[in-house]
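Overview (structure and organization)
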Amino acid sequence: MSAISTFFRLLLLISFVPTLVLTNTVFDVELVHRDSPKSPLYNSSMTPFDRLQAAVVRSINRASYLDKRIAMKTSIDIEVGLFFNDWEFLMGFNIGTPNPLYVWGVFDTGSELNWVNCVGCQCFNRTATLFNHSASLSYKKLSCLSDECKSFRRGYCNDGQMCRYHYSYGDGSNIDGILSSDTFHFTTLDTFQSTSIPNMIFGCNIRSLNTIIDDPGSFIGMSPRPPSLINQLAPKYISKYFSYCLNMLHKGTDSRLFLGRGKSAITEKVSVTPLMTQDGFYAVQLNTISIPGEFDIFLARSPRLTGGNIIFDSGTPMTILATHVMDQLVMKMTNYVILPTVKMPGKLKLCFTVLSTEQENELPGLWFSFAGTLGDFWVSPKNLFTWYQEHVKCMAIMETDGLQIFGNIMQQDVLVGHDLDKMELTLIEKDCTKLNNP
């Protein structure tokens, strides 16, 4: 009887085998900001000021986590300092066969494991969708002897010889699960065409102790380390390249992630700088910050990084610079901008009184000059300054005695490309609402 059951199970599974995916495929996926009305965690009662203050707190927590993880060479079973709720963007995808489940996953360029809370999980979050892995014909548990488990630095054996993992977070949250595989389905934003990718490695959580009430219940890692999403898709299905374009929230549309590289010709000015990886993060070398003809601020190499001096991170809202760099920048900008400065409570160091559109136009942008002959990148005033409250705009940069981070506010309406073959980071100013496949 069991043999017949297995036969029909295989027959059903074969009927759902996805079509061949060409290596020049580009998956165009929507990214939803946590403060977007489309987000399952959207809080309509928050004002723009509330959201900015929350972004500052998340930036502090995220920076502390990145700094500790790199400085301490994080052990296999703990993510020191990371608060489970400190995330920025969500990515929707489907998992399973023949009835795929749609789930929201936290998109993080600094994480390596894709994971989902599964049915039967001792989960304390009652709002997230649970994946019924036993109903999926394409689901498999991976043993601790599998190559996938051996290449996963957090994998270990349990009594049943399954590949287990454990993560702990700085706010007391932790997850445990079994490394597994199943079919992932991605829907292209432009055409709404769904593409299925079999045997994707992910974590099936069997225990999830979260100290927050609402979380999406899933993670999508885009770190260069296995078994991240980009690490699995490339080079079998796509080129080893991904890019994202983050929209300004007030436009009413959301951001986009491109997995793979298209063949569209690039006509805009492109900034290109060498890309380095460390501890699962993406780093670059920032040489100077300047307004040409007015001032140049030089940045040294970072003692915390083996290559580069600043992390390019989609998960940190604010840009964070070393204290001595920030002190120079505040002094130079105060002398350059003719508007009156105003001291505001909190971590933002430079704010101006802005009473009209004409005065707002007095706020300048900055040149960030990264390593490489094409490394000069213009940060526009709209990305450099953010409204703190009515008539007050602040520079979206904070100071640190630790790791420097180029945050996502200054990446808005910029196509940020990660070429993991050439090891290059590319920056192109774009209107994300009018973007075709890059």
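Here the structure is shown first, and the text comes after it.
So, here's what we can say about the structure. It should be emphasised that the depicted structure is a prediction, and the values quoted were computed from it without experimental measurement.

1. As for the sheet that holds strand E17 (residues 295-298)
The strand order across the open sheet built from 4 strands is E17-E16-E21-E22, with neighbouring strands paired in antiparallel fashion. Bordering the open sheet on either side are E17 and strand E22 (376-379), each of which pairs with just one other strand. Sheet twist, expressed as the mean angle between neighbouring strand axes with direction ignored, is 25 degrees. Two elements, strand E16 (residues 286-291) and strand E21 (residues 366-370), share 4 bridges in a ladder whose sense is antiparallel. Counted as the bridge partner of Ser-290 is Trp-367 from E21. Together, E16, E17 and E21 form the strand contacts of helix H5 (residues 323-336), whose direction differs from that of E17 by roughly 175 degrees.

2. Some details on the packing of aromatic side chains
In total, this model carries 20 aromatic pairs according to the counting rule given. Seen in terms of ring centroids, Phe-131 and Phe-202 are 6.2 Å apart; in terms of plane orientation they differ by 70 degrees. Their pairing is edge-to-face. Placement of the pair is Phe-131 in the loop between strand E4 (115-123) and strand E5 (140-141) and Phe-202 in strand E9 (residues 194-209), with a sequence separation of 71 residues. Classification of Phe-131 as buried rests on a relative accessible area of 3%.

3. Some points on the state of the cysteines
Linking two cysteines covalently via their sulfur atoms produces the bond known as a disulfide. Taken as a whole, this structure holds 5 disulfides when the rule is applied. The disulfide partner of Cys-144 is Cys-157, and the gap between their sulfur atoms is 2.1 Å. An S-S torsion of about 100 degrees defines the bridge between Cys-144 and Cys-157 as right-handed. Linking Cys-144 in the loop between E5 and helix H3 (147-151) with Cys-157 in strand E6 (residues 156-157), this pair joins segments that are 13 residues apart in sequence. Judged by relative accessible area, Cys-144 falls into the buried class, the value being 7%. Look at Cys-157 and you get partly exposed, because its relative accessible area is 42%. The disulfide that involves Cys-149 links it to Cys-163, with 2.1 Å between the sulfurs. In this structure, the disulfide formed by Cys-149 and Cys-163 twists by about 80 degrees around the S-S bond and is classed as right-handed. Residue Cys-149 is found in helix H3, and its partner Cys-163 is found in strand E7 (residues 163-168); the two are separated by 14 residues along the sequence. Residue classification places Cys-163 among the buried positions, given a relative accessible area of 0%.

4. Structural notes on the sheet that holds strand E20 (residues 351-353)
Paired through backbone hydrogen bonds, the strands of a sheet run either parallel or antiparallel to each other. Pairing within the open sheet is antiparallel, and its 3 strands lie in the order E20-E24-E23. The open sheet is flanked by E20 and strand E23 (385-389), the only strands paired with a single partner. For this sheet, the mean angle separating the axes of adjacent strands, direction not counted, is 35 degrees. In this structure, E20 lies alongside strand E24 (residues 392-395), joined through 3 bridges in antiparallel fashion. Across the sheet, Thr-353 pairs through a bridge with Val-392, a residue of E24.

5. With respect to the pattern of salt bridges
Throughout the structure, instances matching the rule amount to 16 salt bridges. Residue Glu-112 pairs with Arg-153 through a salt bridge whose shortest N-O separation is 2.9 Å. Of this pair, Glu-112 sits in the loop between strand E3 (101-108) and E4 while Arg-153 sits in the loop between H3 and E6; the two residues are 41 residues apart in sequence, bridging distant segments of the chain. For Glu-112, a relative accessible area of 4% corresponds to the buried category. On the basis of relative accessibility, which here comes to 26%, the residue Arg-153 falls in the partly exposed class. Salt bridges linked by common partners bring Glu-112, Arg-153, Arg-154, Arg-225 and Asp-279 together as one network.

So, how was this worked out
- Residues numbered from 1 in each chain as written.
- Predicted model: local features only at pLDDT ≥ 70, side-chain atom pairs only at ≥ 80, totals over all residues.
- Heavy atoms only, no water.
- Pairing = 2+ DSSP bridges.
- Helix = DSSP H or I, 4+ residues; strand = E, 2+ residues; numbered from the N terminus.
- Axes fitted to C-alpha atoms, helices over the stretch in contact; angles between N-to-C directions.
- Contact = heavy atoms within 4.5 Å.
- Phe/Tyr/Trp six-rings, centres within 6.5 Å; stacked < 30°, edge-to-face > 60°.
- Buried < 20%, exposed > 50% of the residue type's maximum accessible area, 1.4 Å probe, protein only.
- Disulfide = S-S within 2.5 Å.
- Salt bridge = Lys/Arg side-chain N within 4 Å of Asp/Glu carboxyl O.

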